[in-house]
Every structure is written in C-alpha cells, then in structure tokens.
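# A structural walkthrough
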Amino acid sequence: MVNKLGRIFNPRTAAIIGATDRIGSVGAGLVKNMLLGEGERKVFLVNPNQNEIFGRKTFPIITDIPEVVDLAIVAVPASIVLKVVEDCCKKKVGGIIVISAGFSEIGSKGEKIQNELAEMTCRAGIALVGPNCLGIINTKNNLNASFAPATPPKGNVALISQSGAILDILADKAAEENYGISSMVSYGNEAGVTLTDFLKSFAEDVETKVIALYLEGLKDGRKFMEIAKRIVSKKPIIVIKAGKNYEGQRAIKSHTGTMAGDYQVYKSAFKQSGVIETDSLEELLDVSKILALESKCENSVAIITNGGGCGVLAADYCKSQGINLAELSKDTISRISGSAEMPSLWSKSNPIDIVGDASPARYKVAIEAVLSQKNIRGLIIIQTPQIMTDPLENAKIIVEAKRLFPKKPIVCFFLGGKMSSEAIKFLEDNNIPNYGELKRGIIALRALTRY
Amino acid sequence: MGLINFQSAEKILFKYKIPICRTFFVVSEKEALIAAEKIGYPVFLKAYGKDILHRTDIKGVIGGINNEKELKSSFKKLMKKAKGVLVQETIFGKEIIIGAKRDSQFGPVVLVGLGGIFTEIIKDFSLRVAPVSAVEARLMLKELQGYDYLAGSRGEKPINFKSLVSIVVSVSNLLIKEKEIEEIDLNPVIANEKKVLAVDFKILSYGK
C-alpha cells in the first residue's frame, strides 16, 4: 500500500502509548496483538508509570525511543491525548492511530479537542486514524494494531467498519469460518484519515480484491459516490447500511419529502455508484467471499446434485435471485448417459440429479460434461451426506475440475455437518467457496452473475 | 420553508419547460367564466390558497363541470373555503408523481412514481441522486412495478415516454440550479399517449 497510509499499514517499528499488562484493558489487548507480529517489526511499549510490561523494558515517553517510529498507537485517556500526540509529532512518527474515545461522539467539548488533534497532526503532515476506533489489521505482514479479540486468516477481502464492535464480530467470525481477509479498518471519528481515503487506498492495494463496508452514515455522500463509482470498475464494494429508519417525524409537506427518506436516498446512491448492498453481516461476508475467490460470469449456470430435494430448492432460489439455469445440450446429455458410472434414471435436465448413491466417479462424469458445455458459465455443486458419499474424494474431483476450467466459477454446497468438514477445508484451501446453506450461497452467486 | 404562490410556481415550471395543463387563477365569478370559456368545457375547479397543502382534505376539488350554471354554483362553494380558485382543463390519462427534494446528505434527489392511489398505498416509485440524464430517467421508469401499466397492456398504447422522461430530467435540473427551492411535487402529472402534463404542483422554498 503506497500513499500516506503506507507507514501505518506497513510499519517497520511501532510504539504503543498507554501499553499496560492490566488484564482486561485496551492497552493490554493492543500489546498482545502487536506482539503477534513481532517477527516483522520492532514493538516499543510506552508507559511513564511502569518500568516493565510482560518482562519488557518500557519507555516513559515516545521521544526517548532511540529509533525512528513508523506507527504510534495511542490508547490513553482523552484528557492527555493531545499531549501524547504532540510528543508523537515531535518524534516525527510515520502515522498515528488514536484508539481513545471521548471526542466528537460525546458532544461539543469532545469535538473541540478532536479539532485540535486534527489540526496538530495536519500541520505536522502526519496521517491520523481515529480517534474512537478499534484500530487496523493488515494480515499480509501480521500487523494487528487493534484490540480485536481475534486475528483473521490471510485473504483478499478488506473490511472497513464505522463500528468497532462490528469489526470485533467480523474478525472473530472470519477466524472461525475461514474467511480470508487482507485488511481490517475501524475508522472511528475520521478526524484525519477518512472513509474515502481508506477506500482509495484499498482500491490500489494488490492484496485486496473486494472491499466490504459496514456503514451507519456518511460525512460527504456525493464524494463517497464519486469515489465508489471509480473503484467499482476495478473491484467490487459491498456494503451493509445500518440505521434504515425513514424520516418519520418530519411534517408531511409533500409526497416526495415523505417517500424519499434518508435510507431510500442511500439505497439509490449505492445503486447509482455500483455498490452492492447486502441485508445482513452474514450476507456481507458471503458475497465478499465469492467475489474474492471467483471471477464474474455470464448469467447461465447449472446445478449438479445427489439429492433431488436440494436441487429443486436451489432452482427455486436461483429463480428468485434472477439466476438463469441453462438447458443441457444433446451432447452433454449423451455424454453423461454414455458413462458406465451413470444410472439410467439420472435427471437428464438441469438441475442435474445424479441420484443419492452418487460415487465420486459419477460426480466427475457430470461435472466434466457440464463444464464442457460452452454456454454453461458457472456451476453449483450440491452434496448431501449419504452413507455412500465420499466428501473428500468429491472435493478433490472439484478442485481438479476447477483447474481444467479456471474461468467458470464453481460454488459448492457440501451440506450437513461433521461428515464434510475435512472436505470443505480442502475446497476452501484450494480457493473454492463452499456454503452450508443453499439460500446464502445462491444470494452470493447472484453478485457474481450481475457484477 | 413555505409554499410559493401559484403564479411564481407557474413561472418556474415554464422556465424549465415543464408543461402544465391550462390553468387560470381567478378570484371572481366573472373571471372564472371567461377562463372556462377559453379552456373549453368540461373543466375542473380547485380551491387555491398558500395555506392549502392537501386540497382533497377540505373537499376543494370539483371536476366534470360542463356548463356555466355548474361553474357558477361550484365556484360559490369553493370560495367559502379559499381566497381564490383555479380553473383547469380536463385531461384524461394515467396519474404519475414526479418530485425532487434536497437530502441532508446527498443534496438534490429526484423521484418518479405512479400517482394517485398508487403513491399513497403501494408506494411504487424510484429515486436517484440528481442530476439524472434521460437514459437514467428511462431506467427509473423501467424499475417501477407499474411500468407495464404505463407501457400499455392488452392493445392499449403506451404513454408518451419521451415527454415524461424530459420532465423528470427538467425537475432534476430545476432543483440543481434553483438553490432557494427546497422541494417540488408535481402530483399528479397526467400522461396519455399524446401528452404529459403537470396538473397539480407544489413548490416549497426556503425563507418565504
């Protein structure tokens, strides 16, 4: 990541001001997370009241550190933030993250201090993230400059959130469900670096393929639209907007005034700038995952299943999402029917039901035949766990098929639970998205066929 | 914020080439008769005053007036409720609403939807952050659930989409250029295969 955020996201040295070992404190959380990446950078702890933290020597003030400091992370009470940031400016640090709360979010008194903070860093030419934020994470270089409870696995989705707590959830969920993340940012009160600065920076970031955003409100709607429009031609932006209340209290003077409520306007703005809107945090991650792993395709897909019911359900969801099911060509049908592996009662139409007792060999025949049909641009593969099913072998066949047809996205549904967990891990380790629920994955697939 | 008067509103719409149905503002019976003569029967009479925001709430609209006698009695009724009356030509067609307002976050936004009962109950409308181009305005119309109703079904001819699109674009331009105007409602706009005319309109401005 180049530009003014470079030293914040890629620091060679970092200092935590307000570092402590007090259990349950923000300072201790920061120290713990920052030390995870110690192999990649030097971490200095600053605390004037404690000589040692976790057995490490501390510095009473940042200016005492005998080296250049790229990133300063500030977690001290709001009342002394100005003093501490002044020291950081004297030290000529590369960038500052102010975690501390107690600024514009508490009213005019806090806003005044925040303005001074912004002015001071602006004058010094130092990038300021926050205040009132959780911090940032860059998985590529093991930087966790936040007090999030977990570090997500490496991947290609950049998550930006107005809320710190939402980022906590997403970090933990990503770690649990193996969602690959490039960076995470909680942007707080935007006194210095703004949401649009982060968007621009992730647009340039080679590790990031998809930008996912949790939003409550914007500071400059038109600027957001202008920048988002430019970015989505290169990489998708997915958003979840919280606070969808209408302007209900307003006196009803005109119909336009009543109908064009705040959220309605946001919705239009997203649509006009090509930003994909989602309805839940889960959907935000689901859609981001598919866009990070697969390339977009024309709207014409096939479904292969070893369970008739799931095939019908999937077809229903496709219809309601506007995803078109391709017709099987005569060639494809005769190719599948001609295989010794296939029983004569397979469905011969899309959804392609290869019957409950389907062996891996039967999946292979169907998958290869279907992907060979030119006008089938994407594939949904459903596996219901039956006693004769071999999930890991099926997963290997799918990974091989993907290698042969790299441009055709494959979305898997290895349904059930424990029986397929190893196979699912194998799929995802090989960059093939799997979803545990048909509707979730098909909503995600829609983003691929329309983006 | 206040409602601007009929004459000023008419002037602004004229400036942006937004067609309105033939309408005269009158305060006497004699003026009303002359206006109706010019327009040609049947006509509509509507109570008019700066303080009247929702005319139907006070039963301030009388339509289907076919002759002088009916005009005189209707005029009397309405003058009990208002300081003036609009005499208006009768146009048949489909009701549409076109509006614009200034959003606190995104600035001017434009709306088009199905009018009349559809506005109130079904809320079938589409919205854009202004400015909108003619192409975008077309997309807005296609997004409406009731698009097929406007396009005509069962052999019915479509409404004049070209005129409708140009009104949407004009309303968008109007709000972008006229900084003192806060909100505008053209409701209903009546559209048929030949023409599209604003029948009622409200313009709210800052200050006044």
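The numbers attached to residues start from 1 for each chain and follow its sequence in the written order. All chains are assigned letters beginning at A, and all ligands numbers beginning at 1, according to the order in which they are written. Totals for whole chains, interfaces and linings use all residues, but because this is a predicted model, local features are given only for residues with pLDDT of at least 70 and pairs of side-chain atoms are given and counted only at 80 or more. To obtain the side-chain values, all non-hydrogen atoms of the structure were included, while hydrogens and water were left out.

The next subject is the overall build of chain A. The helix and strand inventory of chain A stands at 16 helices and 18 strands. Dimensions of chain A, computed from C-alpha atoms along their principal axes, come out at roughly 80 × 65 × 35 Å. Split into buried and exposed, the 451 residues of chain A put 56% on the buried side. Contacts are residue-level and defined by heavy atoms, with any inter-residue pair within 4.5 Å sufficient. In chain A, the share of contacts with a sequence separation of at least 24, taken over all contacts with a separation of at least 6, comes to 72%. When the accessible surface of chain A is split by element, carbon and sulfur atoms take 53% of a total near 18,700 Å². Lys and Arg are tallied as positive, Asp and Glu as negative. Neither His nor the chain termini are counted. The location of each charge is read from NZ of Lys, CZ of Arg, CG of Asp or CD of Glu. Across chain A, the centroid of the 55 positively charged side chains sits 5 Å from that of the 48 negatively charged ones. Helical segments are the DSSP runs of H or I of at least four residues, strand segments are the runs of E of at least two, and each set is numbered from the N terminus. A simple rule labels every residue: compare its accessible area, found with a 1.4 Å probe on the protein chains alone, to the largest value its type can have, and call it buried under 20%, exposed over 50%, or partly exposed in between. Each accessible area is a Shrake-Rupley result for a 1.4 Å probe, and residues are judged covered by the shown protein chains and nothing else.

So, on to the overall build of chain B. Summing up its helical and strand segments, chain B has seven helices and 11 strands in all. Each radius of gyration reported is based on C-alpha atoms, and the globular scaling rule is 2.2 Å times the count of residues to the power 0.38. Whereas a compact globule of 208 residues would reach a radius of gyration of roughly 17 Å, chain B reaches 17 Å, a difference of no more than 12%. Its C-alpha atoms give chain B principal-axis dimensions of roughly 50 × 45 × 30 Å. The buried share among the 208 residues of chain B stands at 54%.

A separate point is the interface of chain A and chain B. Contact residues are listed per partner, giving 24 residues for chain A and 30 residues for chain B. As a working definition, buried area equals the accessible area (1.4 Å probe) given up by two parts on being put together, with both sides summed. Carbon and sulfur atoms supply 57% of the area buried between chain A and chain B, which totals about 2,400 Å² over both sides. By salt bridge we mean one thing: a side-chain nitrogen of Lys or Arg within 4 Å of a carboxyl oxygen of Asp or Glu. There are one salt bridge connecting chain A and chain B. Where E143(B) meets K271(A), a salt bridge forms, and the shortest distance between an N and an O atom there is 3.1 Å. Within 3.5 Å is the distance limit for a polar contact, defined as a pair of N or O atoms, with the added protein rule that one can donate a hydrogen and the other accept it, and that residues adjacent in sequence qualify only through two side-chain atoms. Taken together, the links from chain A to chain B amount to eight residue pairs in polar contact (both at pLDDT 80 or more). Among the elements of the structure, α7 (221-232), α8 (255-259) and α9 (262-273) of chain A are those that each provide at least two residues to the side of chain A that touches chain B. Looking at which element gives the most residues to the side of chain A that touches chain B, the answer is α9(A), with eight residues.

Before going further, it helps to examine the sheet that holds strand β4 (residues 61-65) of chain B. All names here are of chain B. Within the open sheet, the four strands sit side by side as β2-β5-β3-β4. Their pairing is antiparallel. The sheet is open, and its two edges are formed by β2 (23-26) and β4, each paired on a single side. With direction set aside, neighbouring strand axes in the sheet form an average angle of 20°. Only strands joined by at least two bridges in the DSSP assignment are considered to pair. Of the pairings in the sheet, the one linking β2 to strand β5 (residues 84-89) comprises four bridges and is antiparallel in character. Within β5, the position partnered with F24 by the bridge is V87. Sitting on the sheet, helix α1 (residues 6-15) touches β2, β3 (43-48) and β5, and the angle it makes with β2 is about 160°. Interaxial angle, 0 to 180 degrees, is taken between N-to-C directions of lines fitted to C-alpha atoms, where a helix line uses only the stretch in contact.

A few words on the pattern of salt bridges. Residues and elements named next belong to chain A. In the structure shown here, the tally under the stated rule is 25 salt bridges over all chains. We note a salt bridge from R56 to E38, for which the minimum N-O separation is 2.5 Å. A residue pair is termed long-range when its members are at least 10 positions apart, and R56 in strand β4 (residues 56-57) and E38 in the loop between α2 (26-35) and β2 (42-46) qualify at 18 residues. In this structure, the salt-bridge partner of D87 is K83, at a minimum N-O distance of 3.0 Å. Placement of the pair is D87 and K83 together in helix α3 (residues 78-90), with a separation of four residues, close to one helical turn. A residue is classified by how much of its surface remains accessible, and D87, at 7% relative accessible area, is buried. Taking the relative accessible area as the measure of exposure, K83 reaches 46% and is therefore partly exposed.

As used throughout, domain bounds are those supplied by an automatic or database domain assignment. The domain boundaries assigned to chain B delineate domain 1 (22-89) and domain 2 (94-205). The C-alpha centroid of domain 2 of chain B is placed 26 Å from the C-alpha centroid of domain 1 of chain B.

Next up on the list: the packing of aromatic side chains. Each aromatic pair joins two rings of Phe, Tyr and Trp (for Trp, the six-membered one) with centres within 6.5 Å, and gets the label stacked for planes under 30 degrees apart, edge-to-face for over 60, and tilted for any other angle. All told, the structure shown has 12 aromatic pairs over all chains when counted by the stated rule. A centroid spacing of 6.4 Å and a plane angle of 85° characterise the contact between F9(A) and F198(A), whose relative ring orientation is edge-to-face. With a gap of 189 residues between them, F9(A) in helix α1 (residues 6-9) and F198(A) in helix α6 (residues 195-204) connect regions that are remote in the sequence. Relative accessible area serves as the criterion here: at 0%, F9(A) is assigned to the buried category. Taking the relative accessible area as the measure of exposure, F198(A) reaches 1% and is therefore buried. These aromatic residues form a ring-pair network of at least three members: F224(A), Y266(A), F270(A) and F106(B). Criterion for a charge above a ring: Lys NZ or Arg CZ within 6 Å of the ring centre, and within 35 degrees of the ring normal. Lying across the ring of F44(B), K46(B) places its NZ or CZ 5.7 Å from the centre. Taking NZ or CZ as reference, K94(B) lies 4.8 Å from the ring centre of Y149(B), over its face.

Our focus in this paragraph is the domain arrangement of chain A. All names here are of chain A. Here the domain parsing of chain A yields domain 1 (6-131), domain 2 (156-293) and domain 3 (301-450). Of the residues lining the interface, 12 residues belong to domain 2; the matching set on domain 3 comes to 15 residues. Carbon and sulfur atoms make up 58% of the area that domain 2 and domain 3 hide from each other, which totals about 1,200 Å². The tally of links between domain 2 and domain 3 comes to three salt bridges. Salt-bridge contacts for R440 lead to D286; the nearest nitrogen and oxygen are separated by 2.8 Å. Counting across the domain 2 and domain 3 interface gives five residue pairs in polar contact (both at pLDDT 80 or more). If one sorts the elements of the side of domain 2 that touches domain 3 by residue count, helix α10 (residues 281-293) sits on top with eight residues. Three categories are distinguished: nonpolar for Ala, Val, Leu, Ile, Met, Phe, Trp, Tyr, Cys and Pro, charged for Asp, Glu, Lys and Arg, and polar for the others, with Gly belonging to the last. Residue classes in the side of domain 2 that touches domain 3 are distributed as six nonpolar, one polar and five charged.

Moving on, we get to the side chain of T384(A). Residues and elements named next belong to chain A. Summarising the element assignment, T384 is placed in the loop between β17 (378-383) and α14 (391-404). In this structure the side chain of T384 is engaged in a polar contact, spanning 2.9 Å, whose partner is the side chain of Q386. Each residue touching T384, except ones within four places of it in the same chain, is listed here: N306, G307, C310 and T389.

We now examine a nonpolar patch on the surface. Exposure above 30% relative accessible area and the lack of any salt bridge qualify a residue for a patch; like charges then connect within 9 Å, and the nonpolar side chains Val, Leu, Ile, Met, Phe, Trp and Tyr within 5 Å. A contiguous nonpolar surface patch, about 320 Å² in accessible area, is contributed by I117(B), I121(B) and I122(B). Among the secondary structure elements, I121(B) is positioned in helix α4 (residues 117-122).

To continue, consider the state of the cysteines. All names here are of chain A. Only a pair of cysteine sulfur atoms within 2.5 Å counts as a disulfide in this structure description. The full count for this structure, using the stated rule, is zero disulfides over all chains. In this structure C310 is a free cysteine whose sulfur lies 13 Å from that of C318, the closest cysteine sulfur available. For C310, a relative accessible area of 18% translates into the label buried. Left without a disulfide partner, C318 is nearest to the cysteine sulfur of C297, which lies 11 Å away.

Strands belonging to one sheet form pairs held by backbone hydrogen bonds; the direction of such a pair is parallel or antiparallel. Residue and element names in this part refer to chain A. Here seven strands make up an open sheet; going across it, the order is β9-β8-β11-β10-β12-β13-β14 and the pairing mixed. In the strand order of this sheet, the two ends are held by β9 (143-146) and β14 (276-278), each with one partner. Pairwise comparison of adjacent strand axes, ignoring direction, gives a mean angle of 20° for this sheet. Bridge analysis of strand β13 (residues 237-241) against β14 gives three bridges, and the strand direction is parallel. Paired with I238 across the two strands is I276, which belongs to β14.

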